[in-house]
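# Descriptive structure summary
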Amino acid sequence: MKVPYNWLRQYVEIDLPPDELADRLTMAGIEVDSVSLFAPLGENIVVASVEELSRHPRSPNLQVVRVNAGGTPHSVVCGAWNIDVGDKVPLALPGAVLPAGYEIKEAEIKGVLSAGMLCSPVELGLDIVHASENGILVLDGGCSAGEKLDDILFTGEPVLELALTPNRADCLGLLGVAREVAAVTGARLLRPSSKVQETGADILELAGVQIMEPELCSRYTARMMVDVNVAPSPLDMQLKLLAAGIRPINNIVDVTNYVMWETGHPMHAFDYDRLEEGKIIVRRASAGEEIYTLDGVKRTLHSDILVIADSRVPVGIGGVMGGENTEIGEQTRRVLMEAACFDPVNIRKTARYLNLPSEASQRFEKGVDRKGVLFAQDRAAKLVRETAGGKICRGLIDCYPRKYRQPVISLRSSKVNEVLGCPVDSGEIKEILVRLGLEVKEVKGARGRATAGNRFGDQFTVTVPSHRRDLALEVDLIEEIARIKGYNTIPSTLPRGAMIMGRPSRSRRLMARIRDSLVACGLQEVITFSFMNPRRFDELNIPGDDSRRHTVRLKNPLTEEQEVMRTTLVPGMLQVLEYNFNRQVENVLLFELGKVYMPLPGKEKLPREKDMLAFCLSGKTPEENWHIPSRPVDFYNLKGITEALFEDLGIEGCCWRAEELPLLHPTRGAGVFVEEEKRAGFMGILHPFLQEKLGFKQEVFIAELDVDVLLAAASETPSAGKLPRFPAILRDMAFVVPELVTAEELVVEIRRRGGELLEEVKLFDVYKGRQIPEGQVSLAFSLTFRHGGRTLKDEEVDAIQEELKKALSEKYNAVQRELCRAKGAVRKDSSPV
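These numbers were taken from a predicted model, which means no experiment stands behind them.

## A closer look at the overall build of the protein
Tallying secondary structure elements over the protein gives 20 helices and 39 strands in all. Against the 2.2 N^0.38 benchmark of 28 Å for 833 residues, the protein shows a C-alpha radius of gyration of 43 Å, more extended than a compact globule. Relative to its full complement of 833 residues, the protein shows a buried share of 49%. Excluding contacts between residues fewer than 6 apart, the proportion of contacts in the protein whose partners are at least 24 apart in sequence is 69%.

## Points about the confidence of the model for the protein
Here the protein shows a mean pLDDT of 90. Residues at 70 or above account for 96%. Predicted confidence for residues 449–454 stays below pLDDT 50, and this span has six contacts to residues more than four positions away or in other chains.

## Side note on helix H11 (residues 426–435)
Those residues of H11 lying buried are Ser426, Ile429, Ile432 and Leu433. Burial along H11 is one-sided: seen end-on, the buried residues are contained in an arc of 125°. On its buried side, H11 packs onto strand E24 (408–412), helix H10 (413–420), strand E25 (439–442), strand E26 (459–463) and helix H12 (474–485). Two or three places before Gly427, at the opening of H11, Asp425 has a side-chain oxygen 2.7 Å from that residue's backbone nitrogen. Two residues or fewer after H11 comes Gly437, characterised by a positive phi angle close to 90°.

## Some words on the sheet that holds strand E33 (residues 664–674)
The strand order across the open sheet formed by seven strands is E27-E30-E31-E35-E34-E33-E32, and the pairing between neighbours is mixed. What marks the edges here is a single partner per strand, and that holds for strand E27 (524–525) and strand E32 (655–658). Bridge count for strand E30 (residues 588–598) against strand E31 (residues 608–618) is 11 bridges, and the pairing is antiparallel. By the bridge assignment, Met598 is partnered in E31 with Arg608.

## Comments concerning the pattern of salt bridges
Applying the stated criterion across every chain yields a total of 61 salt bridges. Of the charged contacts in the structure, one is a salt bridge between Glu677 and Arg657, with a shortest N-O distance of 3.6 Å. Placement of Glu677 in the loop between E33 and strand E34 (678–686) and of Arg657 in strand E32 is noted, with a sequence separation of 20 residues between them. According to the relative accessible area criterion, Arg657 is partly exposed, its value standing at 23%.

## Some thoughts on the packing of helix H2 (residues 18–27) against helix H4 (residues 174–185)
Direction vectors running N to C along H2 and H4 enclose 85°, while the axes themselves pass 10 Å from each other. Viewed along their axes, H2 and H4 adopt a mutual orientation that is roughly perpendicular. On H4, the residues that touch Leu21, Arg24 and Leu25 of H2 are Glu180, Val181, Val184 and Thr185. Taken together, the residues that form the contact of H2 with H4 break down as four nonpolar, one polar and two charged.

## Things to note about the side chain of Thr567
Within the element layout of this structure, Thr567 appears in the loop between strand E29 (564–565) and helix H15 (570–581). A polar contact of 2.5 Å, which involves the side chain of Thr567, links it to the backbone oxygen of Arg548.

## Brief notes about unusual backbone geometry
Of note, the phi angle at Ala39 is positive, near 45°, even though the residue is not glycine. Looking at the secondary structure, you find Ala39 in the loop between strand E2 (32–37) and strand E3 (45–56). Ala39 sits in the partly exposed class, given a relative accessible area of 23%.

## A look at the pairing of strand E21 (residues 334–342)
Along any regular strand the residues' side chains alternate between the sheet's two faces. The buried count for E21 comes to eight of nine residues, which makes it a mostly enclosed element. Note that strand E13 (residues 217–226) and E21 share nine bridges and pair antiparallel. Across the sheet, the residue bridging to Thr221 is Ala339, located in E21. By the bridge criterion, four bridges tie strand E14 (residues 268–271) to E21 in an arrangement that is antiparallel. Directly across from His268, in E21, lies its bridge partner Glu338.

## Examining the nonpolar core
Within soluble globular proteins, side chains that are nonpolar generally end up buried alongside one another. Membership of the largest hydrophobic core comes to 94 residues, with the highest contact counts inside it found for Leu21, Tyr220, Ile280 and Leu336. Broken down by element, this core gets its largest block of residues, eight residues, from helix H9 (residues 373–388). Dropping the residues within four chain positions of it, Leu336 is found in contact with Ala207, Ala222, Arg223, Met224, His268, Ala269, Phe270, Tyr272, Leu275 and Ile280. Grouped together as the second largest cluster of nonpolar side chains are 35 residues, Met511, Val633, Leu711 and Ala714 included.

## Some details on the sheet that holds strand E37 (residues 758–767)
Strand order in the open sheet formed by four strands is E37-E38-E36-E39, with antiparallel pairing between adjacent strands. Each edge of the open sheet is held by one strand with a lone partner, namely E37 and strand E39 (815–817). Averaged over all adjacent pairs, the angle separating strand axes in this sheet is 35°, with direction ignored. Across the sheet, helix H20 (residues 794–812) lies against strand E36 (729–738), strand E38 (776–785) and E39, angled at about 10° from E36, the strand it touches most.

Cut-offs and rules
- Residues numbered from 1 in each chain as written.
- Predicted model: local features only at pLDDT ≥ 70, side-chain atom pairs only at ≥ 80, totals over all residues.
- Heavy atoms only, no water.
- Helix = DSSP H or I, 4+ residues; strand = E, 2+ residues; numbered from the N terminus.
- Rg over C-alpha atoms; globule rule 2.2 N^0.38 Å.
- Buried < 20%, exposed > 50% of the residue type's maximum accessible area, 1.4 Å probe, protein only.
- Contact = heavy atoms within 4.5 Å.
- pLDDT = per-residue confidence, 0-100.
- Arc of directions from axis to C-beta.
- Polar contact = N/O pair within 3.5 Å; in protein donor to acceptor, adjacent residues only side chain to side chain.
- Pairing = 2+ DSSP bridges.
- Salt bridge = Lys/Arg side-chain N within 4 Å of Asp/Glu carboxyl O.
- Axes fitted to C-alpha atoms, helices over the stretch in contact; angles between N-to-C directions.
- Parallel < 35°, antiparallel > 145°, perpendicular 65-115°, else oblique.
- Nonpolar A, V, L, I, M, F, W, Y, C, P; charged D, E, K, R; others polar.
- Core = buried A, V, L, I, M, F, W, Y, C linked by side-chain atoms within 4.5 Å.

This is how it looks when you write it as structure tokens:
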């Protein structure tokens, strides 16, 4: 936002130097990015009065102009013919350097000495609209000969460039900046006149407005001016616009830009005679509808774009740019002036979609003052009347389907003192808020505790004006008080608070233990994206009715690979494996402890975040030392890591049950259970088909566990029993059972029947061979019996064995098999798969 210094001074009485004003504004939160000079012309370009014109004696295309520059007369040879005696014109004296870098010198032109140069706008570096193209710039008659041109045209004036934050849309107009300057400096605010004289016909006889999309257009106003004369704007208006970075066009268009820069409210002017039936309809575009915008480009629209239309076709894109078909031109005699309020989100999306940013869309995107529309309309009508003549029609069309309600905020002076950390008197609080243009009322009977000599216990109700859309909460008002009072006036203090003993929560402690356990097993932690491509579910053969396919979809994904929130860690882990394999890293032992996101019923509900643990192994184990070589990892490495993890977490009763899972090998996958019945996840080898699809040339072992289940079963307190005082009795039993009977089922039944005397049961042999009938398997168990208070007798254990034999025979058709174990032989510890 460019703020020409002298233009700003028309709205606030200040005498601060521009650099000091920039510092004051920056310290108050309105950052001034730079202070530059607009088109400086230098010392030797002055105002000259034309005293005599005569033809050049040797060239019919030139004339000799005698001018007075406030001292000695000068003769200048000139090729322009648009000046008359008495005109005031710019004169570049010898020694002047024009903006293009050309130095003026005395020169003899075809025998006549020329002591300088009369300048056109182009030669002065001013892109203004001039009545005579390439002619000499004719100045207003009020200036005096000899004055520096910089002082007359305000060229060379300072221009402050503001770097506004998105919440300060009120400072996108000079009046808003003037309000800030008045609040910061205490200067008097000067509001420009908007009084109009309506002498034309009733506007309702000529025009009509219909809003078909009130959610996208909360207010639309229209005024009409007739018998206008389209011509170049007054020179001072053009120069102000140039200083603000806006190119002048004609008096009607320049007025809309002038008022936008003055008030911060964008406006648009239509050639009324080119509007079909004189109607304005605010509606959505039809899909595929087209319009040529003012920049001459054909735009294809869709149904989410708001258009301003007549009774037949669009005549403008609401809040972005007008249409070429109703453009103001030299033939325009009747003007319909628009000032409206559009939905910021819709305008932002439209401008981005069409790649058509504009000063208007920038303001509408941030929100405009809904109550300031009428002032902008009247101000524009007054300026059109002054610059283009004509008549202002009686009345004004104001369609206002969604009224603006000014927010009212309660403010406690005690809260101000608490937040700022320094005392601020209630009177000072009220004064600052009033200077900001807020309406402040003291709440009677709400006086709090006051400090002796000052009032700090008052409470106020503050009505926020419509141009301050950024003020909604009590802390917003406190921030305003702080920045106007001055951040440098707030003393620096160290924060104070009671020290409390802090410690990680149980879940954080246990998750740290999980990490430590897996790292101790030789695994490395990875962190993958929380997003994924839903196509990964098809690659992993996950069924269509699987709950993991119900995902949270992103509205604005960065890439196709990050369309949804993940519901499993497996795809990310496989991508890491693929990345490593592609770089010849074949020995990979990884784990990830992260969240998955499960959607809940209802659009407004946030997804349930669930902690999961995944780890995978591939290649060979790391070498333990020089004499123990590495070996290929297998299922038992995966199972052993899981057992070690459960042991570190104090989880008891863990078991594995063979399962056929979509992404695992049909016969080499298992479900993982804790406390016997609670499913904690799965583990196994990656399905060969999936392995081939991903291009993996070696086996991959993978597991995924539900951390919530693990934490619920975990124990932070280590358990230890007393050393046994009495000897144990060891017995081995082997049973031949159908293949469908699992070892786990037998273990559970043995433990139940063994009672308190059975200390441990362990599977040590699985056998299938010629001695075993087809379709059956031999399972051998080692049983440890012990009594805590005395020595057991063989007869007691024999009775239990007989009971076990009978129970397993009845329940599983188990037949006891005789065992022959060599004395001192090491038992083979085989676990069920």
